[in-house]
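Structural description and commentary
Below, each chain spelled out in residue letters.
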Amino acid sequence: MQLSSDRLASRRDTLAFVICIILAIAARMAPSDVQQSLGTTIRSTVVAPFLSLEEQILSIKEARVHLARVVAERDSAVVQAFTARALSRENENLRSLAGLSSRLPMNHVTAEVLNQAGRTEGLTFLLSKGRDDGVVPRAPVVTPEGLLGVVQTVDASTSIAIGWPHPDFRVSARAEDQSIFGIVAPHGSDGLNTMVLVFSGVPYGEEVPPGTMIYTSGLGGSAGVYPSGVPIGVVLSVDDEQEGWSTTYAVRPAVHPGSVSHVIVLLGASIGLDSLFVALTP
């Protein structure tokens with residue numbers, strides 16, 4: 001049954017081919033005016049749909065090429081916008097760093113963060129300055145916004161600093177009006193999970209209102225390491241309250257480790273640095 005159907009179809013195709021050949025020969029042998037009339041009729045009837053389809057295909061191809069060009073131009077514009085914004089931020093940070101450097105009354109060096117911290121990093125930083133530049137262990141590391149951390153180890157040309165999220169970070173601190181003192185440390189020991197600090201050791205009954213700026217005090221175990229007056233962060237709320245003993249406050253850090261590209265390493269004698277840093281908006 002299938003074989004008969006295939007043979008029938010083959011015969012129809014052969015017959016159609018023969019008819020086309022005969023019509024072509026007849027048209028070729030017809031007078032010139034008849035050929036032109038016949039050609040016009042065929043173009044306007046049989047061939048017209050195919051010509052229209054070809055035009056539509058060409059239009060679609062041109063539209064796709066145009067769309068690809070527009071998308072490429074848009075993507076390029078977006079990349080340029082982001083690049084310009086990033087360069088603008090970096091230039092602004094470098095200007096702020098240069099301004100702070102010119103105001104500092106102590107020896108210091110400016111260093112580049114060689115391993116740029118990401119959003120989930122920032123426990124340690126590799127700095128581009130080391131022993132040959134005067135960097136020593138326990139030297140404070142700051143930015144125009146405030147305290148970032150402290151140098152831990154030093155090589156000849158590089159050094160490693162720990163940031164405030166590091167579990168070993170501690171600094172003696174005070175409230176803005178210098179009436180309340182305590183210790184600032186990372187919130188727990190899980191790195192950047194919370195992105196906040198804690199201001200602990202505040203005597204029970206003493207109140208530190210939200211929005212209060214917390215600075216380094218230059219006292220206690222950090223004497224000779226952290227100078228006084230470096231912004232640490234802003235009080236958010238009470239974190240823990242031990243009735244009759246002390247109160248602990250959550251503090252939003254002044255410096256985000258993921259946004260740091262250049263820092264200042266403080267060297268030499270510890271001098272008060274009040275009013276030298278950019279004020280942090282609560």
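Below is a summary of the structure that appears in this document. The shown structure was predicted, so the numbers you read here are calculated from the model rather than taken from an experiment. The numbering scheme is per chain: residues are counted from 1 as the chain's sequence reads. Residue-level local features of this predicted model are given only where pLDDT is at least 70; pairs of side-chain atoms are given and counted only at 80 or more, and the full residue set underlies all totals for whole chains, interfaces and linings. In computing side-chain properties, one takes all heavy atoms of the structure into account and sets aside hydrogens as well as water.

Considerations on the overall build of the chain
The line we're drawing: Helix and strand labels come from DSSP, where a helix needs a run of H or I of at least four residues and a strand needs a run of E of at least two; each type is numbered from the N terminus. Relative accessible area decides the class of each residue, using a 1.4 Å probe on protein chains only: under 20% of the type maximum gives buried, over 50% gives exposed, and in between gives partly exposed. Shrake-Rupley sampling with a 1.4 Å probe provides the accessible areas, and residues are treated as covered by the protein chains on show and by no other component.
Within the chain, the regular secondary structure consists of three helices and 12 strands. Residue burial in the chain is summarised as follows: out of 282 residues, 33% are buried. Approximately 16800 Å² of the chain is accessible, and the part contributed by carbon and sulfur atoms is 57%.

Quick notes on the packing of aromatic side chains
Quick note on the threshold: Stacked, tilted and edge-to-face pairs are distinguished by plane angle, under 30 degrees for stacked and over 60 for edge-to-face with tilted covering the rest, among Phe, Tyr and Trp rings (Trp via its six-membered ring) whose centres lie within 6.5 Å.
Scanning all chains against the criterion turns up one aromatic pair. Their ring planes at 75 degrees and their centres at 6.2 Å tell us that Phe169 and Tyr226 sit as a pair that is edge-to-face. With a gap of 57 residues between them, Phe169 in the loop between β5 (159-163) and β6 (171-175) and Tyr226 in the loop between β9 (213-216) and β10 (231-242) connect regions that are remote in the sequence. One exposure class covers both Phe169 and Tyr226, and it is buried.

Examining a nonpolar patch on the surface
Put simply, the rule reads: Each patch is assembled from residues with relative accessible area greater than 30% and no salt bridge, linking like charges that lie within 9 Å and nonpolar side chains (Val, Leu, Ile, Met, Phe, Trp, Tyr) that lie within 5 Å. Each salt bridge in this description consists of a side-chain nitrogen of Lys or Arg and a carboxyl oxygen of Asp or Glu lying within 4 Å of one another.
Nonpolar side chains collect at one region of the surface, where Ile21, Ile25 and Met29 lie side by side and expose about 320 Å² of accessible area between them. Structurally, Met29 can be placed in helix α1 (residues 2-29).

Focus: the sheet that holds strand β3 (residues 140-143)
The following threshold applies: DSSP calls a pair of strands paired once it identifies at least 2 bridges connecting them. All axes are obtained by fitting lines to C-alpha atoms, using only the stretch in contact for helices, and the reported angles, taken between N-to-C directions, cover 0 to 180 degrees.
An order of β1-β12-β3-β4-β5-β2 is seen for the six strands of this open sheet, with the pairing classed as antiparallel. Looking at strand neighbours, the two that pair on one side only are β1 (108-112) and β2 (124-127), the edges of this open sheet. When the angles between neighbouring strand axes are averaged without regard to direction, this sheet yields 35 degrees. Relative to β5, strand β4 (residues 146-154) is paired through five bridges, and the arrangement is antiparallel. Residue Val154 lies in a different strand from β5, and its bridge partner there is Ser159.

Quick word on the pairing of strand β11 (residues 246-253)
Burial analysis of β11 places seven of its eight residues in the buried class, the great majority of the element. Where strand β8 (residues 197-203) and β11 come together, five bridges link them in antiparallel fashion. Paired with Leu197 across the strands is Val251, a residue of β11.

Observations concerning the nonpolar core
Condition: Throughout this description, the term nonpolar core refers to a set of buried Ala, Val, Leu, Ile, Met, Phe, Trp, Tyr and Cys residues connected via side-chain atoms within 4.5 Å. For this analysis, residues touch if any pair of their heavy atoms sits within 4.5 Å.
Formed by 32 residues in total, the largest nonpolar core has its most connected members in Phe199 and Ile214. Elements with a minimum of two residues in this core: α3 (48-103), β4, β6, β8, β10, β11 and β12 (262-266). In this structure Ile214 touches Ala173, Arg174, Ala175, Val184, Phe199, Val208, Val230, Pro231, Ile232, Gly233, Val235 and Val251, once residues within four positions along its chain are discounted. Core analysis: the next-biggest nonpolar cluster, separate from the first, contains 18 residues, Val141, Val154, Ala254 and Leu267 among them.

Some details on unusual backbone geometry
The phi dihedral of Arg138 is positive, around 70 degrees, even though this residue is not glycine. Within the secondary structure, Arg138 is located in the loop between β2 and β3. Positive phi values are uncommon outside glycine, yet Gln178 reaches one of about 65 degrees.

A look at the pairing of β5
In terms of burial, β5 is a largely internal element, four of the five residues being buried. Taken together, β4 and the strand that follows it, β5, pair antiparallel across an intervening segment of four residues.

Observations regarding the side chain of Ser217
The cut-off we apply is this: What qualifies as a polar contact is a pair of N or O atoms within 3.5 Å, subject to a donor-acceptor requirement within protein and to the restriction that residues adjacent in sequence count only when both atoms come from side chains.
Structurally, Ser217 can be placed in the loop between β9 and β10. Among the polar contacts made by the side chain of Ser217, one reaches the side chain of Ser172 at a distance of 2.5 Å. Every residue in contact with Ser217, bar those within four places of it in the chain, is listed here: Ser172, Ala173, Arg174, Phe181 and Ser228.

Quick look at the side chain of Ser159
Inspection of the secondary structure assignment puts Ser159 in strand β5. The buried category is assigned to Ser159, whose relative accessible area is 1%. A polar side-chain atom of Ser159 sits 2.8 Å from the main-chain carbonyl oxygen of Lys129. Not counting the four nearest positions on each side in its chain, Ser159 is found in contact with Phe125, Leu126, Leu127, Lys129, Val135, Val151, Thr153 and Val154.

Remarks on the environment of Leu219
Relative to the elements of secondary structure, Leu219 occurs in the loop between β9 and β10. The sequence separation of Leu219 and Gly182 amounts to 37 residues, and the corresponding C-alpha distance is 9.9 Å. Not counting residues within four places of it along the chain, the set of residues in contact with Leu219 comprises Ser172 and Phe181.

Focus on the environment of Val202
Along the chain, the position of Val202 falls in strand β8. It is 10.0 Å that separates the C-alpha atoms of Val202 and Ala175, two residues lying 27 residues apart in sequence. Leaving out residues up to four positions away in the same chain, Val202 has contacts with Ile180, Phe181, Val208, Trp245, Ser246, Thr247 and Tyr249.

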